[in-house]
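Chains, contacts and geometry: an overview
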Amino acid sequence: MTSPATPPPATGVRTRFCPSPTGMVHVGLLRTALFNWAHARHTGGTFVFRIEDTDAARDSEDSYRHLLDCLRWLGLDWDEGPEVGGPHGPYRQSERSDVYREVAAELLAAGHAYESFSTNEEVDARRRAAGQDPKLGYDNADRSLTDAQKAAFRDEGRQPVLRLRMPDADLVWTDLVRGEVRFAAGSVPDFVLVRGNGAPLYPFVNPVDDALMGITDVLRGEDLLPSTPRQLALYAALTDIGVAQGTPRFGHLPYVTGEGNKKLSKRDPQSNADVYRERGFLPEGFANYLALLGWAIADDRDVFSVAEMVEAFDVTRVSANPARFDLRKAEAINATHLRALPAEEFLAQVRPFLAGAGLVADPPTEEQDRVLRAIAPLAQERMIVLSDAVGLLGFLFTDEVEIDPAAAAKQLAGDDAAEVLDAATAALTGLTDWSTAAVEEALRTALVDGLGRKPRQAFGPVRVAVSGRTVSPPLYESIELLGRERTLARLAAARAHGG
RNA sequence: GCCCCCAUCGUCUAGCGGUCCAGGACGCCGCCCUUUCAAGGCGGUAGCACGGGUUCGAACCCCGUUGGGGGCACCA
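Structural notes, computed from the coordinates. These numbers were taken from a predicted model, which means no experiment stands behind them. (Residues numbered from 1 in each chain as written. Chains lettered and ligands numbered in written order. Predicted model: local features only at pLDDT ≥ 70, side-chain atom pairs only at ≥ 80, totals over all residues. Heavy atoms only, no water.)

Attention now goes to the overall build of chain A. Helices and strands together make up the secondary structure of chain A, namely 20 helices and eleven strands. In summary, chain A has a C-alpha radius of gyration of 32 Å against a globular reference of 23 Å for 499 residues, an excess of more than 25%. For chain A, the spread of C-alpha atoms along the principal axes amounts to about 105 × 45 × 40 Å. Expressed as a percentage of its 499 residues, the buried residues of chain A come to 49%. Of the contacts made within chain A by residues no fewer than 6 positions apart, 76% connect residues no fewer than 24 positions apart. (Helix = DSSP H or I, 4+ residues; strand = E, 2+ residues; numbered from the N terminus. Rg over C-alpha atoms; globule rule 2.2 N^0.38 Å. Buried < 20%, exposed > 50% of the residue type's maximum accessible area, 1.4 Å probe, protein only. Contact = heavy atoms within 4.5 Å.)

What follows concerns the pairing of strand S1 (residues 14-17). Burial along S1 is two-sided: Arg14 and Arg16 facing one way and Thr15 and Phe17 facing the other are all buried. Note that S1 and strand S2 (residues 46-49) share four bridges and pair parallel. Within the sheet, the bridge partner assigned to threonine 15 lies in S2 and is phenylalanine 47. (Pairing = 2+ DSSP bridges.)

All right, on to unusual backbone geometry then. The residue after glycine 89, namely proline 90, is reached through a cis peptide bond having omega -5 degrees. The residue proline 90 is located in the loop between helix H2 (61-74) and helix H3 (97-109) in this model. The peptide bond linking aspartate 362 to proline 363 adopts the cis configuration, its omega dihedral lying at 0 degrees. With respect to the element layout, proline 363 can be found in the loop between helix H12 (343-356) and helix H13 (366-380). Positioned with a positive phi, glutamate 83 is a non-glycine residue whose angle comes to about 65 degrees. Along the chain, the position of glutamate 83 falls in the loop between H2 and H3. Phi at asparagine 140 takes a positive value of approximately 60 degrees, unusual for a residue other than glycine.

A word on helix H1 (residues 27-42). With 16 residues, H1 should reach 22 Å at 1.5 Å per residue; the first-to-last C-alpha distance of 22 Å fits that figure. Glycine 44 sits one or two residues past H1 and shows a positive phi near 70 degrees. (Expected span 1.5 Å × (residues − 1).)

What follows covers the pattern of salt bridges. For the structure on display, the rule yields 37 salt bridges. Here arginine 279 and glutamate 331 are joined by a salt bridge, their closest N and O atoms 3.0 Å apart. Of this pair, arginine 279 sits in helix H8 (residues 273-279) while glutamate 331 sits in helix H11 (residues 327-340), and the two are 52 residues apart along the sequence. A residue is classified by how much of its surface remains accessible, and arginine 279, at 29% relative accessible area, is partly exposed. (Salt bridge = Lys/Arg side-chain N within 4 Å of Asp/Glu carboxyl O.)

A few words now on the pairing of S2. The side-chain alternation of S2 yields two buried faces, one formed by Thr46 and Val48 and the other by Phe47 and Phe49. Read from S1 through H1 to S2, the crossover connection turns out right-handed. (Right-handed = clockwise from strand over helix to strand, strands pointing away.)

Now for the protein's contact with RNA strand B. Taken together, 58 residues sit near RNA strand B, with Arg178, Arg317, Arg463, Thr470 and Tyr476 positioned nearest. Considering the 4 Å shell around the protein, atoms of RNA strand B inside it are sugar or phosphate in 69% of instances. Glutamate 222 places a side-chain nitrogen or oxygen 3.2 Å from a sugar or linking oxygen of RNA strand B. Measuring from a base oxygen of RNA strand B, one finds a side-chain N or O atom of arginine 382 at 2.7 Å. Of the residues assigned to the surface near RNA strand B, the class counts are 21 nonpolar, nine polar and 28 charged. (Near = heavy atom within 4 Å. Polar contact = N/O pair within 3.5 Å; in protein donor to acceptor, adjacent residues only side chain to side chain. Nonpolar A, V, L, I, M, F, W, Y, C, P; charged D, E, K, R; others polar.)

Within the structure shown, the criterion is met by 14 aromatic pairs. Look at phenylalanine 459 and tyrosine 476: their rings are 5.8 Å apart centre to centre, the planes differ by 80 degrees, and that puts the pair in the edge-to-face class. Of the two residues, phenylalanine 459 is situated in helix H18 (residues 455-467) and tyrosine 476 in helix H19 (residues 475-482); the sequence distance between them amounts to 17 residues. For phenylalanine 459, a relative accessible area of 9% puts it in the buried group. Since its relative accessible area comes to 13%, tyrosine 476 is described here as buried. Taken together through their ring pairs, the aromatic side chains of Trp73, Tyr276, Phe281, Phe286, Tyr289 and Phe325 make up a single cluster. Here the basic side chain of arginine 92 rests over the ring of tyrosine 64, its NZ or CZ set 3.8 Å away from the ring centre. The ring centre of tyrosine 138 lies 3.5 Å from the NZ or CZ of arginine 163, which sits over that ring. (Phe/Tyr/Trp six-rings, centres within 6.5 Å; stacked < 30°, edge-to-face > 60°. Lys NZ or Arg CZ within 6 Å of the ring centre and 35° of its normal.)

Relative to the assigned elements, arginine 16 resides in strand S1. Residue arginine 16 is classed as buried on the basis of its relative accessible area of 4%. There is a polar contact of 2.8 Å between the side chain of arginine 16 and the side chain of aspartate 210. When neighbours within four sequence positions are excluded, arginine 16 is seen to be in contact with Asn36, Phe47, Val48, Arg50, Asn206, Asp210, Ile215, Asp217 and Val218.

Pairing in this open sheet of three strands is antiparallel, and the strands run S3-S4-S7 from one edge to the other. Either end of the sheet is taken by a strand with one partner, and the two such strands are strand S3 (113-116) and strand S7 (192-194). Strand-to-strand twist in this sheet, taken as the mean axis angle between neighbours without regard to direction, amounts to 45 degrees. With respect to the sheet, H3 is in contact with S3, strand S4 (161-164) and S7, its orientation differing from that of S3 by roughly 95 degrees. (Axes fitted to C-alpha atoms, helices over the stretch in contact; angles between N-to-C directions.)

Judged by nonpolar contacts, the single largest core of 56 residues is most densely connected at Leu393, Leu396, Leu428, Leu443, Leu447 and Val462. If you tally residues by element for this core, the top one is helix H17 (residues 436-450), at seven residues. Leucine 447 has contacts with Val420, Ala423, Ala424, Gly452, Arg453, Ala458, Phe459 and Val462, leaving out every residue within four places of it along the chain. Core analysis: the next-biggest nonpolar cluster, separate from the first, contains 52 residues, Trp73, Val256, Phe304 and Val315 among them. (Core = buried A, V, L, I, M, F, W, Y, C linked by side-chain atoms within 4.5 Å.)

In structure tokens form, the structure reads like this:
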């Protein structure tokens, strides 16, 4: 009944992303969205976004909005779905109850599904009585109940669940990323489509929606792989009753794991996509890194744009092994994208972070804008994420710097530091031309020539005094932008600080 | 317990039977540059889990072992 052949869909690829709006957005989830989107875009197909909000207890409107926001941030636009519409709506399962009810009734009428009255306890007892492991699950015992038997159960007040009659054949498919996968006939029990209370279950509604929305390629997490044989059987039944046009192709994406080799759990703070966005990962940088989790664009390159990914993406080239989320590499990739940003773009991206920290007005004042434009190119190449700008540039936008205690301990303590600060103060006090070149000249003359110090010893204390940190944008430029008054005040403050 | 997936440097990967005494990237370690830290440049470190086959030839194919992961709900 199932064929291992997987011809590409003749009607054009249709992929989907169908999260349930419960809690935070997981990086693994975004990776799945990215791959589905890229596959659709690469093939000139359609990307459908559907919300699986059938669990009223856990779903939330906030989470729903957040999901849309995350996709948009990453740059994943959908052709059909919430707020966009499309010919197969509604795209929220909570609005599709009638559809499921109808399909369930048709499946029952056609004999593909049947009413089952056994309780878990009864199934367990039967398994044990037969000397079998209860973990084998449901035993298909209710497949051929007579009308009289069903009536008797109903008289007891039992509400039947609806189960799908599994075929007596191996369930096989050619996975887009794993090749042929086979489950032996009889290894999957008849599963529940609709609960006793009439609520349709995920293993039922998901394929029904995919079928109705014409999904041709299903790319999803590896955790769903064991449920695929059930879906194959369901698809066969749905096709038989005319609800589905056939069975989609499946591709099971490898896990994204955290420390150790466990799949990244929702508990793991690293798994929350928000933290990357809040730290100022660029959408392009983050997408680039996510793409690397299981896919490679070439054997000698791993930095690329989203457009380049779309151009080159091929699902069948996705790796089958789990990928560890490596923050350091993610940062390195992002830093590369950050440095490659055109000046204007970089400025536009950084401003909200500085404004958010209260360092500049929103929009910045003319003076703030002047300073920002001057320093931005120098800061750009020493940042990993946008929020780094707050610590790196903060000293330029405040009257008094807060000196990092560790930096102070390292550079401001002792007589040597005092000597340097005094000499720097003297040199700069008399400076008439407050320019980068003049500042450099004055400091070099006073500290390197005058005190006979090595540059690294000479400028360390000055840097900490001026910027509050051991890491800062280039010193002379910083001093020019800071201006005479603030510079001298900070040198004096640092002198006092060192004691 | 049953079923399924996975197996190349510490990490992510390239490799789709010979061109691989295995290439790239992150990390790490040196050196250069240098005004600290970065960035950049150069160099280095480190890997085909194991055992059987198949083949003239295996990281690549097959089988097994071991190891890791996942799934077995009237959750999604």
